[in-house]
Amino acid sequence: MTVKSCEKLEKSRVALTIETGAEEFEAAVNKAYLKMRGKINVPGFRVGKAPRKIIEKMYGAEVFYEEAVNILLPDAYEGAVKEKELNVVGYPEVELESCTKDGVVFKCTVAVYPEVKLGQYKGLEAPKAEVKVAAADVNARLKEMAERNSRLVSVERAVKKGDTADIDFEGFDNGKPFDGGKGENFDLEIGSGSFVPGFEEQLIGMKAGEEKDIDITFPENYAPELAGKPVVFHVKVNEVKVKEVPAIDDEFAKDVSEFDTLKELKADIKKKLTTERTEAAQRAFEDVLMAKVAEGVEAEIPHEMVELQAEQMMEGFKQQLASQGIPFDQYLKMTGTTEADFVQQANGPAEQQVKMDLAVKAIIDAEKIEATDDEVESEMKNVAEKYGMDLDTVKKYLRPEDVKEQVIREKVIKVVADSAVAVAPAEEKAELEAEGEVVEKKPAKKAPAKKVAAQKTEGAQEEKAPAKKPAARKAPAKKAAAPAAPVVTLTVQYMGKEMTQQAMVEAVKAQVQGEIKTLDLYAKPEEAAVYYVVNGDITGKVEF
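Reading the values: rules and limits
- Residues numbered from 1 in each chain as written.
- Predicted model: local features only at pLDDT ≥ 70, side-chain atom pairs only at ≥ 80, totals over all residues.
- Heavy atoms only, no water.
- Helix = DSSP H or I, 4+ residues; strand = E, 2+ residues; numbered from the N terminus.
- Buried < 20%, exposed > 50% of the residue type's maximum accessible area, 1.4 Å probe, protein only.
- Contact = heavy atoms within 4.5 Å.
- Areas by Shrake-Rupley, 256 points an atom, 1.4 Å probe, with all protein chains shown as cover.
- Core = buried A, V, L, I, M, F, W, Y, C linked by side-chain atoms within 4.5 Å.
- Pairing = 2+ DSSP bridges.
- Axes fitted to C-alpha atoms, helices over the stretch in contact; angles between N-to-C directions.

1. As for the overall build of the chain
Then comes step 1: Within the chain, the regular secondary structure consists of 14 helices and 17 strands.
Then comes step 2: Per-residue burial over the chain gives 38% buried out of 544 residues.
Then comes step 3: Sequence separation of at least 24 residues holds for 66% of the intrachain contacts in the chain that already meet a minimum separation of 6.
Then comes step 4: Total accessible area computed for the chain in this model is approximately 30500 Å², and 50% of it derives from carbon and sulfur atoms.

Printed below as a string of structure tokens:
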């Protein structure tokens with residue numbers, strides 16, 4: 001094999017012209033004969049026993065050439081890439097220029113990792129919010145804890161707004177039941193907006209044991225097979241319940257925490273909120289900085305890199321859905337999109353991620369950043385400590401190479417953040433200036449390298465084993481004051497990335513209170529909406 005030429009093209013592509021000699025081609029033709037002879041019929045010979053020369057005489061000398069080229073190409077291409085030390089992306093486009101008994105010449109055009117010119121990454125400026133925790137914030141967290149420890153109590157009266165009705169229901173489209181329209185012993189909070197508009201209001205006034213038909217028209221933006229359709233739901237009320245929320249006092253503090261007084265619990269909540277907001281402010285600060293670094297990168301990015309990243313995002317999202325028991329095709333059906341639409345929507349985020357990865361790689365090279373085995377081991381020990389697990393168990397979940405990559409990436413972020421200048425966000429700056437205070441730019445405080453996050457929160461939750469990036473482990477409550485409402489599991493994701501808009505989460509939670517075993521949310525920012533799946537069955541959409 002000989003590389004006749006290696007031509008650089010636009011958009012980080014190269015054209016390799018590769019030639020193989022007569023001897024190499026003859027060996028490939030013989031391999032092709034051995035592979036194909038069992039499929040060729042020659043009169044007078046058993047299948048697979050005809051000599052090569054007889055077959056070539058019958059069908060022509062070139063009968064094995066196409067297969068011979070297919071045999072030659074992979075090794076010749078790999079050899080050429082290695083010889084020219086190319087960092088290729090994706091698969092090559094191959095053009096056969098000539099093919100004779102004397103050899104083969106083919107041209108491979110392929111994308112390569114682009115040359116990257118790194119812009120400014122030190123001394124950047126970004127807004128960083130001042131962390132404040134008011135008494136109202138602590139009280140709000142206490143109220144959330146009380147809500148989580150509330151219970152539903154049966155009452156003998158008609159349904160009112162705000163009550164929870166235990167219902168059996170079945171939906172009919174032109175007299176025929178439709179998929180996803182049936183439920184038994186379903187706890188529905190009246191006024192929550194969990195069901196289609198008009199459903200919950202028609203339950204008001206019903207008593208336990210009563211049945212009736214409810215006429216509903218599905219919204220136009222619902223699942224395609226039901227959008228805009230008038231249907232009838234037959235509903236039976238089994239029980240009427242009201243929420244009983246425990247009083248927030250010392251006894252409450254004892255029941256839900258390790259503390260004996262409400263004062264101690266409040267102090268602990270304030271401490272945790274301060275830590276949470278400090279970490280959130282630092283992450284937001286770093287995100288803005290790294291976005292600026294990525295934006296400053298100059299590189300001819302081949303479309304193959306973006307396509308590959310978009311496909312990886314989609315595959316990651318599919319795995320996340322599968323882990324929750326939701327097929328990808330169900331998600332597409334629920335959101336009214338196709339796989340092609342998903343990939344197209346992913347192209348923008350994918351391009352940004354590619355630019356970010358190029359920037360990180362460039363900083364690693366510029367700063368000669370590495371991660372030692374001891375640092376990787378230390379990170380794994382940190383995860384084990386946070387999760388209360390033994391180190392060997394953690395190592396079953398986390399691959400050393402993934403942890404090493406994360407450690408290096410965090411070092412890159414630290415290089416950028418430590419040299420950056422933090423300024424007040426626009427709204428804070430305006431407030432300070434209005435009060436006559438001078439707003440100064442301050443060098444960012446150096447933060448320790450971030451660890452794989454594991455954060456304790458109040459309320460009983462199941463502990464999940466750490467995946468590639470471990471999720472938070474909830475701290476168990478000291479004891480339960482009363483039977484708690486079922487745990488609501490929230491998964492708010494888009495394009496494989498976790499969304500953090502607290503307002504969005506709270507708005508959806510407000511609509512799905514009650515006997516909810518699971519609640520999975522999928523954000524579509526371009527629609528300013530969130531689709532949800534309740535208990536793996538009931539679907540809906542909340543717009544913002």
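That shown, we press on.
2. Some details on the nonpolar core
If you look at soluble globular proteins, the nonpolar side chains tend to sit buried side by side.
Then comes step 1: Ranked by size, the top nonpolar core spans 33 residues in total, and within it Leu289, Met290, Val293, Ile363, Val412 and Val416 carry the most contacts.
Then comes step 2: Elements that contribute at least two residues to this core include exactly helix H6 (262–295), helix H9 (339–367), helix H10 (373–387) and helix H12 (400–418).
Then comes step 3: Residue contributions to this core peak at seven residues, all from H12.
Then comes step 4: Leaving out residues up to four positions away in the same chain, Met290 has contacts with Met356, Val360, Val412, Ile413 and Val416.
Then comes step 5: Of all hydrophobic cores here, the second largest spans 28 residues; its members include Ala28, Ala50, Tyr65 and Val104.

3. Quick look at the side chain of Thr164
Then comes step 1: In this structure, Thr164 sits in strand E7 (residues 164–173).
Then comes step 2: Judged by relative accessible area, which is 5%, Thr164 ranks as buried.
Then comes step 3: Residue contacts for Thr164: discarding those within four places in its chain leaves Leu152, Asp187, Leu188, Glu189, Glu239, Val240 and Lys241.

4. Some words on the sheet that holds strand E3 (residues 88–100)
Then comes step 1: Spatially, the four strands line up as an open sheet ordered E1-E2-E4-E3, and their pairing is antiparallel. Since the sheet does not close on itself, it has two edges, and those belong to strand E1 (2–9) and E3, each with one partner. Averaged over all pairs of adjacent strands, the angle between strand axes in this sheet comes to 15°, irrespective of strand direction.
Then comes step 2: The pairing of strand E2 (residues 13–20) with strand E4 (residues 103–112) spans eight bridges and is classified as antiparallel. The partner of Leu16 across the bridge, within E4, is Cys108.
Then comes step 3: Docked against the sheet, helix H1 (residues 22–36) engages E2, E3 and E4, running at close to 90° with respect to E4.

5. Details of the pairing of E1
Then comes step 1: In the sheet, E1 pairs with E2 via seven bridges, with the strands oriented antiparallel. Paired with Thr2 across the strands is Glu19, a residue of E2.
Then comes step 2: The turn linking E1 back onto E2 is made up of three residues, and Lys11 within it adopts a positive phi angle of 55°.

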